[in-house]
Amino acid sequence: EIEDKYTKKMQVLRDELNLRRKTEIHEVEERKNSHISELMRNHEKAFSDIKNYYNDITVKNLALISLLKEQIEEMKKKENHLEKEKADVLLQNKQLKEPLQQAQEQVFELQKKLAHYDKDKEALTNTKARLKVTQKELKDLQWEHEVLEQRFSKVQAERDELYQKFTKAINEVQQKTGFKNLLLERKLKGLLSVLEKKEVELSEVFAASNLDPSAISLVSHKLEDVLNSKNATIKDLQLQLARVCKAHNDMMQTFKAKLTAFGIPLDNLGFKPLASPVQGQ
């Protein structure tokens, strides 16, 4: 009984397991079929995409090949044109070789001038700096010039005033010295004429009186004393005249020195100064 019982249970369990196995197999087959269908669809889509991709690439490559062929043709034309241009350029280059050499020489000369230009530019900068200093010195000198002009105007006014005073003093001195010289000369002439008269009278007196030699000697001594006195007076007058003439000449020399110091020509005096002769010179 137990064996039958378990046999039945085992059969029932086997049936359930078979049914479950069949169900699972059926589900696995459905999933497999679904997966296969999906793979086929994906493969077809991928194949279609690849086909379209390569078709596009083929079309693009064909278009590119056609474009490249056209570009090659155009490049050949350009190459031929460039060959012609090259020949023309070589010919022009040959023709321009001599002007190029001249231009290079000009460039070399210009480079030299540029070097000199840099030096001149530096010299110009230094000259501008010196010019600023010189302009400052010029302003200072202009200011000093204005001050000196003012001082010159003042000195010129003083010079004119001094000139007027000096001219007046010269005229007065000339008048006084001329008058004194005239008086002294007249006095000297008078004394000489008196002396000559006295000598003549004395000679006549000696000749008429017939005096003894001792008396004549005495009178002669007295007369010599008088003559010596008169001669001393004449010498004093001559010395005074010499002093006055020397003072006049010294004053004229000083006046000329002052005029020279102030830059006044002697011709601007309006008269010619007279130098008085000194006795014995």
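This text gives an overview of the structure that appears in the document. (Residues numbered from 1 in each chain as written. Predicted model: local features only at pLDDT ≥ 70, side-chain atom pairs only at ≥ 80, totals over all residues. Heavy atoms only, no water.)

With that settled, consider the overall build of the chain. Within the chain, the secondary structure is distributed over two helices and zero strands. In the chain, which comprises 281 residues, the share counted as buried stands at 8%. Excluding contacts between residues fewer than 6 apart, the proportion of contacts in the chain whose partners are at least 24 apart in sequence is 79%. Within the structure as shown, the chain displays about 24600 Å² of accessible surface, and the carbon and sulfur contribution to it stands at 58%. (Helix = DSSP H or I, 4+ residues; strand = E, 2+ residues; numbered from the N terminus. Buried < 20%, exposed > 50% of the residue type's maximum accessible area, 1.4 Å probe, protein only. Contact = heavy atoms within 4.5 Å. Areas by Shrake-Rupley, 256 points an atom, 1.4 Å probe, with all protein chains shown as cover.)

Moving on, we come to the packing of aromatic side chains. The full count for this structure, using the stated rule, is one aromatic pair. Each ring, one from Y53 and one from Y54, has its centre 5.3 Å from the other, and the planes form 75°; the classification is edge-to-face. A cation over an aromatic ring shows up here: K9 above the ring of Y6, its NZ or CZ 5.1 Å from the ring centre. (Phe/Tyr/Trp six-rings, centres within 6.5 Å; stacked < 30°, edge-to-face > 60°. Lys NZ or Arg CZ within 6 Å of the ring centre and 35° of its normal.)

A few words on a negative patch on the surface. There is a patch of like negative charges on the surface, built from E24, E27, E29 and E30. Relative to the helices and strands, E27 is located in helix α1 (residues 2–209). Residue E27 is classed as partly exposed on the basis of its relative accessible area of 37%. (Patch = residues over 30% accessible without salt bridge, like charges linked within 9 Å, V, L, I, M, F, W, Y side chains within 5 Å. Salt bridge = Lys/Arg side-chain N within 4 Å of Asp/Glu carboxyl O. Lys, Arg positive; Asp, Glu negative; His and termini not counted. Charge placed at Lys NZ, Arg CZ, Asp CG, Glu CD.)

Okay, a nonpolar patch on the surface next. On the surface, a nonpolar cluster with roughly 330 Å² of combined accessible area is contributed by L64, L67, L68 and I72. L64 gets classed as partly exposed once you look at its relative accessible area, which sits at 42%.

All right, on to the pattern of salt bridges then. The full count for this structure, using the stated rule, is four salt bridges. Of the charged contacts, one joins E74 and K78 as a salt bridge, the two residues approaching to 3.8 Å between their closest N and O atoms. You can see E74 and its partner K78 sitting in helix α1, four residues apart, about one turn around the helix. Looking at E74, the relative accessible area reads 42%, which means it is partly exposed. Here D250 makes a salt bridge to K246, at a shortest N to O gap of 3.0 Å. Taken together, the residues span about one helical turn, with D250 and K246 both in helix α2 (residues 213–261) at a distance of four residues.

Remember, this is a structural readout, not a statement about activity or role.
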